[in-house]
Amino acid sequence: MLVLVAPGQGAQTPGFLTPWLELPGAADRVAAWSDAIGLDLVHYGTQADADAIRDTAVAQPLLVAAGILSAAALGDVAPDAVAGHSVGEITAAAFAGVLSDTAALSLVRKRGLAMAEAAAITATGMSALLGGDPEVSTAHLKKLGLTPANVNGAGQIVAAGTLEQLAELDENKPEGVRKVVPLKVAGAFHTHHMAPAVDKLAEAAKAIEPADPKVTYVSNKDGRAVASGGEVLERLVGQVANPVRWDLCMETFQELGATALIEVCPGGTLTGLAKRALPGVKTLALKTPDDLDAARALIAEHAHA
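These lines cover the structure that appears in this document, whether it is placed above or below. Because the structure is predicted, anything quoted here is derived from the model rather than measured.

1. A short note on the environment of Gly25
Here comes step 1: Along the chain, the position of Gly25 falls in the loop between strand 1 (2-6) and helix 1 (26-37).
Here comes step 2: Along the chain, Gly25 and Val198 lie 173 residues apart, while their C-alpha atoms are 35 Å from each other.

What follows is the structure in structure tokens.
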């Protein structure tokens, strides 16, 4: 039983798209997407530095484009289930046929712009807590005025809030937490700080006619499988200001009987979590086209007929 997943913001690195554009037709496809959304994805994926691709309005479309492109390079793959972390849910919606590729890129462009605008209101950010007990950490974060914005499982929670609150967290870690790691994101995503972006995204979503998922679509709001395209779109809108429960997604993968998990480009983060939380499930991260043959072999072994 095969699960295809897409990473969220922070997974991007300078030049990560370069080898993928060498695949037949890839450069033309990304150029067409760039024209459609008014953003030079080729430039940002190949030449821009880390600061440039850290910009929310750039990073989000870049990640969705990379995810769709790398999944297409696998060939005619039909996973049993799909899911995405944060903005990766839009990528997953394209995998499931809920959104066309163009609709997904258009929506994520508007999402990135709206969230960047919301993030500019107050200086905010996010930090990952490594280790510790989730309940203890969550209670501690709330005392500091922080939000557990990503509950990722495998002993990882991401806190979000103002830079002052995050600085206090660095000095006053929850009991059992080994380390607090600032993330390369430009705002407190999945918190009330993003409320202004929800209204703008809801307006943008009115122009989209979603289809029902063709495969099991697992929502990171609560780990539940969603069968209605309309509900998927509604959740994509609200998710901007709601916590990501990746821990519950992984529980659902386990309940569904997952035996293999492939993370699309720029893979690594979600496969790392799966290795710790889903023992016995084979994992593979699509980092470069060199990983495609191994991914196809894994698909042949684990996908249902």
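2. Here's the deal with the sheet that holds strand 6 (residues 177-182)
Here comes step 1: In spatial order, the strands read 4-5-3-6; together these 4 strands make up an open sheet with antiparallel pairing. Among the strands making up the open sheet, the edge pair consists of strand 4 (147-153) and strand 6. Along the sheet, successive strands turn relative to each other by an average axial angle of 25 degrees, direction set aside.
Here comes step 2: Contacting strand 3 (124-131), strand 4, strand 5 (156-162) and strand 6, helix 7 (residues 134-143) crosses the sheet at an angle of about 5 degrees to strand 5.

3. Re the packing of aromatic side chains
Here comes step 1: Scanning all chains against the criterion turns up 1 aromatic pair.
Here comes step 2: Centroid distance Trp246 to Phe253: 5.8 Å. Interplanar angle 80 degrees. Geometry classified as edge-to-face.
Here comes step 3: Under the relative-accessibility criterion, Trp246 is labelled buried at 1%.

So, how was this worked out
Residues numbered from 1 in each chain as written. Predicted model: local features only at pLDDT ≥ 70, side-chain atom pairs only at ≥ 80, totals over all residues. Heavy atoms only, no water. Helix = DSSP H or I, 4+ residues; strand = E, 2+ residues; numbered from the N terminus. Pairing = 2+ DSSP bridges. Axes fitted to C-alpha atoms, helices over the stretch in contact; angles between N-to-C directions. Contact = heavy atoms within 4.5 Å. Phe/Tyr/Trp six-rings, centres within 6.5 Å; stacked < 30°, edge-to-face > 60°. Buried < 20%, exposed > 50% of the residue type's maximum accessible area, 1.4 Å probe, protein only.

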